[in-house]
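Breakdown of the fold
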Amino acid sequence: MSADNINTLVQVTIQVLERFAFLLGDPPESGDHPPAFPSPSWIVTIAFTGARAGAIGMVVPPSLAAQAAANLHGMEPSQASEEQAVDAVKELLNIVCGNYLHEIEGNKPLFDLSSPAQQTVAWERAAQYVQGKTQATLVVEGSPLLLFIEK
Amino acid sequence: MAYNILIADDSLTARTFIARTLEIAGVPVNQVYQARNGQEALDLLQREWVDMVFVDINMPVMNGMELVRHMRTMDLLKSIPVIVVSTDCSTRRMADMKEAGVQAYLTKPITPEELKSIVEQFLKNA
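The structure reproduced in this document is the subject of the present report. Bear in mind the structure is a predicted one, so any value in this text is a computation, not a measurement.

1. Regarding the pattern of salt bridges
Two side chains of opposite charge can pair, provided their charged atoms sit close to one another. Here the structure, examined in full by the defined rule, presents nine salt bridges over all chains. Where Arg93(B) meets Asp112(A), a salt bridge forms, and the shortest distance between an N and an O atom there is 3.0 Å. Pair noted here: Arg93(B) is in helix H4 (residues 91-100) and Asp112(A) is in strand E4 (residues 111-113), and the two residues belong to different chains. On the basis of relative accessible area, Arg93(B) is assigned to the buried category, the value being 14%. Between Lys78(B) and Asp75(B) there is a salt bridge whose closest N-O contact spans 3.2 Å. When salt bridges that share partners are traced, they join Glu91(A), Asp9(B), Asp56(B) and Lys108(B) into one network.

Have a look at this one:
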């Protein structure tokens, strides 16, 4: 996967965050460090097969997932259940993946997407998991969001 | 006239997003029914009057394609407009779904404008 693909993934994610979850995200300003991830954080992944096989994923703080769920359900983040937050980030990644594949491959190839999977892990474990993968970090409403491409 | 709408998607978030988008778009809705898969949708369609169905493709138990194929063989259900709302925007998938009998295909994330346009197009004479 090239740098172009991670840049495409970043741009698609920013658009989907805004249009789907009403969240504003950007890459960190040049020279700035993104906010630290809380521990535990969530790893969410989705795989695809077809014209090309691979997977993408994100590491997301549970509080950001709750914010996404709250925006989607029209409630306060403190009212969002963990089930709603997990479902929100899974659906978010599902939409990101579909739009990402469309951007890099066009609309002719056929892809099958897996059901998104989510795990709660210590931040150190998440950092270990994404080590060596093509990755980029966004700052979304003051929270970090790490995107990665499996292959 | 207010419509009865069925949303079939295995994600609660996706169902909620479509329901809220209908509201934001100002579509007159009497009742929004929700189903987590095609089988639940089919069961509900045999109990309740529904004017339009929004359906995802990838769902457990019975997927969107199977649901549409079942609906098109049933007298009471075969003329209900079905709109696919999916992340999959390949031309081949769209062609397959249209051949199965769906009226239109929207790519997630949908906008209120797209939704309103679709409802007006297929329900204006309902």
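2. Notes on the state of the cysteines
Inspection of every chain in the model, using the stated rule, returns zero disulfides over all chains. This cysteine, Cys97(A), is not joined by any disulfide, and Cys89(B) carries the nearest cysteine sulfur, 11 Å off. For Cys97(A), a relative accessible area of 0% corresponds to the buried category. Residue Cys89(B) is classed as buried on the basis of its relative accessible area, which comes to 11%.

3. Some remarks on the side chain of Ser41(A)
All names here are of chain A. One can find Ser-41 in strand E2 (residues 41-50). The class for Ser-41 is buried, based on a relative accessible area of 0%. In terms of polar contacts, Ser-41 uses its side chain to reach the backbone carbonyl oxygen of Pro-38, at 2.6 Å. Not counting residues up to four positions away in its chain, the partners in contact with Ser-41 are Val-59, Val-60, Pro-61, Pro-62, Gln-119, Thr-120 and Val-121.

4. Observations concerning the environment of Gln34(B)
Residues and elements named next belong to chain B. Along the polypeptide, Gln-34 turns up in strand E2 (residues 29-35). When the C-alpha positions of Gln-34 and Leu-12 are compared, they lie 8.9 Å apart, and in sequence the two are 22 residues distant. Once you skip the residues sitting within four places of it in the chain, Gln-34 turns out to touch Leu-6, Ile-7, Leu-12 and Arg-15. At 2.8 Å, the side chain of Gln-34 and the side chain of Arg-15 are in polar contact.

5. Focus: unusual backbone geometry
Cis geometry marks the peptide bond from Ser39(A) to Pro40(A); its omega dihedral reads 5°. Note that the residue after Lys108(B), namely Pro109(B), is joined by a cis bond; omega there is -5°. Inspection of the secondary structure puts Pro109(B) in the loop between strand E5 (104-107) and helix H5 (112-123). Of note in this structure, Glu141(A) is not a glycine but carries a positive phi near 50°. Along the chain, the position of Glu141(A) falls in the loop between strand E6 (134-140) and strand E7 (143-149). At Val61(B), a residue that is not glycine, the phi angle is positive and equals roughly 70°. The topology assignment puts Val61(B) in the loop between strand E3 (52-55) and helix H3 (64-71).

6. Brief notes about helix H1 (residues 3-21) of chain A
Residue and element names in this part refer to chain A. Helix length check: H1, at 19 residues, gives a terminal C-alpha distance of 26 Å against a target of 27 Å (1.5 Å per residue), a fit within 8%. Residues of H1 that are buried: Asn-5, Ile-6, Leu-9, Val-10, Val-12, Thr-13, Ile-14, Val-16, Leu-17, Phe-20 and Ala-21. Two residues or fewer after H1 comes Phe-22, characterised by a positive phi angle close to 55°.

7. As for the packing of aromatic side chains
Counting across every chain of the model gives five aromatic pairs over all chains. Ring geometry for Phe20(A) and Phe17(B): centres 4.7 Å apart, planes at 50°, overall tilted. Here the residue Phe20(A) occupies a position in helix H1, and Phe17(B) occupies one in helix H1 (residues 12-24), the pair thus bridging two chains. For Phe20(A), a relative accessible area of 1% corresponds to the buried category. With a relative accessible area of 7%, Phe17(B) lands in the buried category. Site record: aromatic cluster; members linked through ring pairs are Phe20(A), Phe22(A) and Phe17(B).

Conventions used here
- Residues numbered from 1 in each chain as written.
- Chains lettered and ligands numbered in written order.
- Predicted model: local features only at pLDDT ≥ 70, side-chain atom pairs only at ≥ 80, totals over all residues.
- Heavy atoms only, no water.
- Salt bridge = Lys/Arg side-chain N within 4 Å of Asp/Glu carboxyl O.
- Helix = DSSP H or I, 4+ residues; strand = E, 2+ residues; numbered from the N terminus.
- Buried < 20%, exposed > 50% of the residue type's maximum accessible area, 1.4 Å probe, protein only.
- Disulfide = S-S within 2.5 Å.
- Polar contact = N/O pair within 3.5 Å; in protein donor to acceptor, adjacent residues only side chain to side chain.
- Contact = heavy atoms within 4.5 Å.
- Expected span 1.5 Å × (residues − 1).
- Phe/Tyr/Trp six-rings, centres within 6.5 Å; stacked < 30°, edge-to-face > 60°.

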